[in-house]
Amino acid sequence: MRYLVIGATSGIAKATSRIWVSRDGEAEFVLVGRNASALDAAAADLQVRNPNAKCQVFSLDLTDPTAIGRLESQLGSVGRIDVALLAHGELTDQTLAQTDPITLANSLTVNATSVAVLAEMSARLMEKSGGGKLVVIGSVAGDRGRKTNYSYGAAKALLDTYVRGMQHRFAGGNVQPILIKPGPTATPMTAGMPGASKMASPDKVAADIVKGIDGGKATVYTPGIWKLIMLVVRMIPAPIFNKLNF
């Protein structure tokens, strides 16, 4: 199978790719990201784990629609993409986003707009080659705005609506959009945050992602307990919710 991994150097993307490379003797990877040397290291790691694996690397500014257009042209000659994993994004300093317009705009661009553009690019490639599974990593933060991370959460809420719209569009078709909603995960992106030591590991989240893809799920909360947690959070009446400090 051929896997397109965008944001391939993220902790979750690397853990997921390692599962795929360990179980697929002829796996082919197209690794896309911003840091060329980190992409090369990720490719080398996969090939050490499976010498038969093939890797191609593309580095570019993932927030530049023109660069994404060039990437689409390049990927058109790669061949059928069976699974595309979009793991591109970054956490936002909420306090800074409230005072610095550049930080806020960048957060929305990186975590929402650029991912939507990349999702459509991936869908077009899949449509042309007969279909595939389009896996977009969102976040439980998108389920309800909270004062501690609403700029990041709003971006993930956009992705939630966007992917669900794509699911409606492709219902019954050969492209299967899948929304992944992790809770806080212990990656370099969350290092230093309160409670980081109690967060789910990238390996746990990756295992849930692969299981959800294999099982044909449309939406995957990971770890699974977050589905119940966020159901409760969404149901809290606003007068009570607004008194909570989280």
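Everything numeric here is computed off the predicted structure, so don't read it as measured data.

J.: Break down the sheet that holds strand S4 (residues 83-86) for me, with residues and values.
T.: Taken in spatial order, the 7 strands make up an open sheet running S3-S2-S1-S4-S5-S6-S7, and their pairing is parallel. Since the sheet does not close on itself, it has two edges, and those belong to strand S3 (54-59) and strand S7 (219-222), each with one partner. Within the sheet, the average angular offset between the axes of one strand and its neighbour, ignoring direction, is 15°. The pairing of strand S5 (residues 132-137) with strand S6 (residues 175-182) spans 6 bridges and is classified as parallel. From the neighbouring strand, Val136 faces S6, where its bridge partner is Leu179. Of the strands in this sheet, strand S2 (28-33) and S3 are in contact with helix H2 (residues 36-49), which crosses S3 at around 170°. Packing against the sheet, helix H3 (residues 65-75) makes contact with strand S1 (2-6), S2 and S3, and its axis sits at approximately 155° to S3.

J.: Could you give me a rundown of the layout of surface pockets, with the residues and numbers involved?
T.: In this structure, the second largest pocket spans a volume of roughly 220 Å³. As for the second largest pocket, its lining consists of Arg164, Asp208, Lys211, Gly212, Lys217, Thr219, Val220, Tyr221, Gly224 and Lys227. Counting only elements with at least two residues in the lining of the second largest pocket, the list comes to helix H7 (202-214) and S7. Residue classes in the lining of the second largest pocket are distributed as 2 nonpolar, 3 polar and 5 charged.

Parameters and conventions
- Residues numbered from 1 in each chain as written.
- Predicted model: local features only at pLDDT ≥ 70, side-chain atom pairs only at ≥ 80, totals over all residues.
- Heavy atoms only, no water.
- Pairing = 2+ DSSP bridges.
- Helix = DSSP H or I, 4+ residues; strand = E, 2+ residues; numbered from the N terminus.
- Axes fitted to C-alpha atoms, helices over the stretch in contact; angles between N-to-C directions.
- Contact = heavy atoms within 4.5 Å.
- 1 Å grid on protein atoms, 1.4 Å probe; cavity = no way out; pocket = protein on both sides within 12 Å on 5 of 7 lines; lining within 4 Å.
- Points joined across faces, edges and corners; volume = space filled by probe spheres on them.
- Nonpolar A, V, L, I, M, F, W, Y, C, P; charged D, E, K, R; others polar.

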